[in-house]
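Residue-level structure breakdown
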Amino acid sequence: MAAVPVVLLVEDELSIAEPFSGALMREGFAPVLAGTAADAIRRFEESAPDVVILDVGLPDGDGRDVCRELRRRSTVPIIMLTARGTETDRIVGLELGADDYVVKPFSSGEVIARIRAILRRVTPIAAADGAGVDRQVFGDLVIAPGSRRVRLRGEDLPLSRKEFDLLACLARDAGRVVRREELMSEVWDENWFGSTKTLDVHIGWLRRKLGDDPAAPRYIHTVRGVGFRFAEPEGDGG
Ligand code: CA
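Residues numbered from 1 in each chain as written. Predicted model: local features only at pLDDT ≥ 70, side-chain atom pairs only at ≥ 80, totals over all residues. Heavy atoms only, no water.

Before going further, it helps to spend a moment on the overall build of the protein. The secondary structure content of the protein amounts to nine helices and 14 strands. Counting over 238 residues, the protein shows a buried share of 43%. For the protein, the share of sequence-separated contacts (at least 6 apart) that also reach a separation of at least 24 residues comes to 56%. Split by element, the accessible area of the protein, about 12,100 Å² in all, is 51% carbon and sulfur. (Helix = DSSP H or I, 4+ residues; strand = E, 2+ residues; numbered from the N terminus. Buried < 20%, exposed > 50% of the residue type's maximum accessible area, 1.4 Å probe, protein only. Contact = heavy atoms within 4.5 Å. Areas by Shrake-Rupley, 256 points an atom, 1.4 Å probe, with all protein chains shown as cover.)

With that settled, consider the coordination of the calcium ion. Of the protein atoms, only D12 (OD), E13 (OE), D55 (OD) and G57 (O) coordinate the calcium ion, at distances of 2.1 to 3.0 Å. All donor residues of the calcium ion come from one chain, and their arrangement in sequence is D-E-x41-D-x1-G. Placement of D12 in the loop between β1 (6-10) and α1 (14-26) and of D55 in strand β3 (residues 51-55) is noted, with a sequence separation of 43 residues between them. In this structure D55 comes out as buried when scored by relative accessible area, which is 3%. (Donors = N, O, S within 2.8 Å, 3.2 Å for Na, K, Ca; no water.)

Time to look at the packing of helix α7 (residues 161-172) against helix α9 (residues 197-210). Here α7 crosses α9 at 85°, and the two axes come no closer than 10 Å. Of the possible angle classes, the one that applies to α7 and α9 is roughly perpendicular. Facing α7, whose interface residues are K162, E163, L166, L167 and L170, α9 presents L199, H202, I203, W205, L206, K209 and L210. Taken together, the residues that form the contact of α7 with α9 break down as eight nonpolar, one polar and three charged. (Axes fitted to C-alpha atoms, helices over the stretch in contact; angles between N-to-C directions. Parallel < 35°, antiparallel > 145°, perpendicular 65-115°, else oblique. Nonpolar A, V, L, I, M, F, W, Y, C, P; charged D, E, K, R; others polar.)

Before going further, it helps to examine the packing of helix α2 (residues 37-47) against helix α3 (residues 63-73). Where α2 contacts α3, the two axes come as close as 10 Å, and the packing angle between them is 20°. In terms of orientation, α2 lies roughly parallel with respect to α3. For the crossing formed where α2 meets α3, the hand is right-handed. Contacts from A37, A40, I41, F44 and E45 of α2 reach α3 at V66, E69, L70 and R73. For the contact of α2 with α3, a count of residues per class yields six nonpolar, no polar and three charged. (Left-handed = near helix turned anticlockwise from the far one by under 90°.)

Right, let's get into the pairing of strand β13 (residues 220-223). In terms of strand pairing, β13 meets strand β14 (residues 227-230) through four bridges, oriented antiparallel. Counterpart to T222 in the pairing with β14 is F228. Once β13 ends, the chain turns through three residues before running back antiparallel as β14, passing G225 with a positive phi of about 75°. (Pairing = 2+ DSSP bridges.)

Here the focus is the pattern of salt bridges. The tally for this structure, following the rule as stated, stands at 22 salt bridges. As a salt-bridge pair, R149 and D156 come within 3.5 Å of each other at their nearest N and O atoms. Classification of D156 as partly exposed rests on a relative accessible area of 43%. (Salt bridge = Lys/Arg side-chain N within 4 Å of Asp/Glu carboxyl O.)

So, about the sheet that holds strand β6 (residues 78-82). Strand order across the open sheet formed by five strands is β2-β1-β3-β6-β7, with parallel pairing between neighbours. Single-partner strands in this sheet number two, and they are β2 (30-34) and β7 (100-103). Pairwise comparison of adjacent strand axes, ignoring direction, gives a mean angle of 20° for this sheet. Bridge count between β1 and β3: four bridges; the pairing is parallel. Its bridge partner lying in β3, V10 is registered against L54. Relative to the sheet, α1 contacts β1, β2 and β3, its axis offset from that of β2 by approximately 160°. Across the sheet, α3 lies against β3 and β6, angled at about 175° from β6, the strand it touches most.

Pasting the structure below:
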């Protein structure tokens, strides 16, 4: 992400767009304005924004169509602006892939707080760590052993120390079966004499946090009586 985050503001009402873009500038963002759906796509391609604020009611189309189109092109965070606060509108907006929505009338401060929250969430591990060093990508799951951070679907996944160690140990040997004894000695202690039930309990917690179904696992596969095998990484792991 650039030092000054670029915010694409798609809003045809100048009485909203002008003061809000002034507030964005004062708060350290670089606003780019678009007043129509067609303009939104063009400006999006030109400015590669860090976040998009998108009005639903545009003169030449529906902001939800713009949202769908942006989603086809990018994972950029999108906050929808809607005058209609009905539950249906909210669900439709989020189903289209918007990250958040704000019901008009809104305060600039409220939307800027949402922008900050979203940018904190989506800042890639590569950017946060400076170099994209040593991260492993397993689809939606990104593990950065150096900074001991894990992201699932773009959000930080809070793990306990043992859970992280266990995940890192499995992921390091992704595609290979890691024996229970190896995991016990590596994550706990070489001189562990207790029950390996602890291992199963932690695997269970880890699976729950990863949203992994033991019956049809995406990440952690049980190899009965032997150990566990982590899913193979995707090609872009470097
Ligand atoms: Ca409008």
